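Per-entry structural report
Letter by letter, the chains look like this.
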Amino acid sequence: MGKDKLRKFRENETFRCMIQPATSEVLGCDHPMKGKWGHIFFGNDNPIVLELGCGKGDFIVGTAEKNPDVNFLAIERVHDVLVMAAEKIKASGLTNVKVCCCDAKE
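Residues numbered from 1 in each chain as written. Predicted model: local features only at pLDDT ≥ 70, side-chain atom pairs only at ≥ 80, totals over all residues. Heavy atoms only, no water.

1. Some details on the overall build of the protein chain
Note the threshold: Strands here are runs of E lasting at least two residues and helices are runs of H or I lasting at least four, both read from the DSSP assignment and numbered beginning at the N terminus. Here a residue-residue contact requires only that any non-hydrogen atoms of the pair lie within 4.5 Å. The accessible surface values rely on the Shrake-Rupley method and a 1.4 Å probe; as for residues, cover is taken only from the protein chains in view.
Assigned secondary structure in the protein chain consists of five helices and four strands. Shown N-terminal to C-terminal, the secondary structure of the protein chain runs as helices and strands in the order α-β-α-α-β-α-β-α-β. For the protein chain, long-range pairs separated by at least 24 residues make up 63% of all intrachain contacts whose partners lie at least 6 apart in sequence. Surface accessibility of the protein chain: about 6800 Å² in total, with carbon and sulfur atoms responsible for 54%.

2. Observations regarding the side chain of Asn71
The test is simple: To sort residues, take the accessible area from a 1.4 Å probe on protein chains only and compare it with the maximum for the residue type: under 20% means buried, over 50% means exposed, and anything in between is partly exposed. Side-chain atoms alone can form a polar contact between residues adjacent in sequence; in general such a contact is a pair of N or O atoms within 3.5 Å, and within protein one must be able to donate a hydrogen while the other accepts it.
Within the fold, Asn71 resides in strand S3 (residues 71–76). Residue Asn71 is classed as buried on the basis of its relative accessible area, which comes to 0%. One polar contact links the side chain of Asn71 to the main-chain carbonyl oxygen of Asn46, over a distance of 3.3 Å. The contacts of Asn71, once residues within four sequence positions are left out, are Gly38, Phe42, Asn44, Asn46, Pro47, Ile48, Val49 and Asn96.

3. Some details on the nonpolar core
Nonpolar side chains in soluble globular proteins tend to end up buried together. As a reminder of what qualifies: Side-chain atoms within 4.5 Å are what join buried Ala, Val, Leu, Ile, Met, Phe, Trp, Tyr and Cys residues into a set we call a nonpolar core.
In terms of nonpolar packing, the biggest core is built from 16 residues, with Ile60, Phe72, Ile89, Leu94, Val97 and Val99 touching the most fellow members. The element best represented in this core is helix H5 (residues 79–92), accounting for five residues. Counting residues in hydrophobic clusters, the runner-up holds five residues, among them Phe42, Leu73, Ile75 and Cys100.

4. Examining the pattern of salt bridges
Close approach of charged atoms allows side chains with opposite charge to pair. Condition: In what follows, salt bridge is the name for a side-chain nitrogen of Lys or Arg lying within 4 Å of a carboxyl oxygen of Asp or Glu.
Evaluated as defined, the whole model comprises one salt bridge. Between Lys88 and Asp58 there is a salt bridge whose closest N-O contact spans 2.6 Å. With Lys88 in helix H5 and Asp58 in helix H4 (residues 58–66), this residue pair connects regions lying 30 residues apart in the sequence. Lys88 gets classed as partly exposed once you look at its relative accessible area, which sits at 30%.

5. As for the pairing of strand S2 (residues 48–52)
For the record, the criterion: If DSSP finds at least two bridges between two strands, the strands pair. By convention a crossover is right-handed if, when the strands point away from the viewer, the path from the first strand over the helix to the second runs clockwise.
Looking at chain direction, S2 and S3 are connected through five bridges and run parallel. Note on S3: the bridge partner recorded for Ile48 is Asn71. In this fold, the crossover linking S2 to S3 by way of H4 has right-handed handedness.

6. Examining the pairing of strand S4 (residues 97–101)
Regular strands place their side chains on alternate faces of the sheet. Within S4, four of the five residues are buried, leaving the element largely enclosed by the surrounding structure. Running through H5, the crossover from S3 to the neighbouring parallel element S4 is right-handed.

7. Section: the confidence of the model for the protein chain
The condition that has to hold: Values of pLDDT, ranging from 0 to 100, describe the predictor's confidence in every residue of the model.
When pLDDT is averaged along the protein chain, the result is 82; 79% of the residues meet or exceed 70. Across the protein chain, H4 holds the top mean pLDDT of 95, while helix H2 (residues 23–26) sits lowest at 63.

8. Concerning the environment of Leu73
Inspection of the secondary structure assignment puts Leu73 in strand S3. With 25 residues separating them in the primary sequence, Leu73 and Lys98 have C-alpha atoms 4.9 Å apart. Excluding its chain neighbours within four sequence positions, the residues that come into contact with Leu73 are Trp37, Phe41, Phe42, Ile48, Val49, Leu50, Glu51, Lys98, Val99 and Cys100.

Take a look at the structure:
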C-alpha cells in the first residue's frame, strides 16, 4: 500500500461504497454484519454477488447497471486500483455496488 497508507485509509472513508473492516472484525470471530449484509450494508434484501479481483471496476459497474435488483460486493487487494473502481461507482450513481480492499485468499 506504500508509505502513505494512513492518508489512503482516510481517503477510503470518503467513498460511501467502500467497506474497510478492522482486522479484529474479520479474523478469529464472526463479522458483526454476518447474515445482515443485504439489510445493513445495501439497505435491502436483494441477493448479493461477490466479485473477487474487481480491478478498475469496468465489469462490476456494467453488470450492476444491467442488474439493479442485485447487490454486488467487489473485492480488490490493490488499494490504488480499488480507488479507481470506487470512483467509477460513485460517478455512475450506483447504490447496488460496494467495494472492499482486502486479499481474497486471507
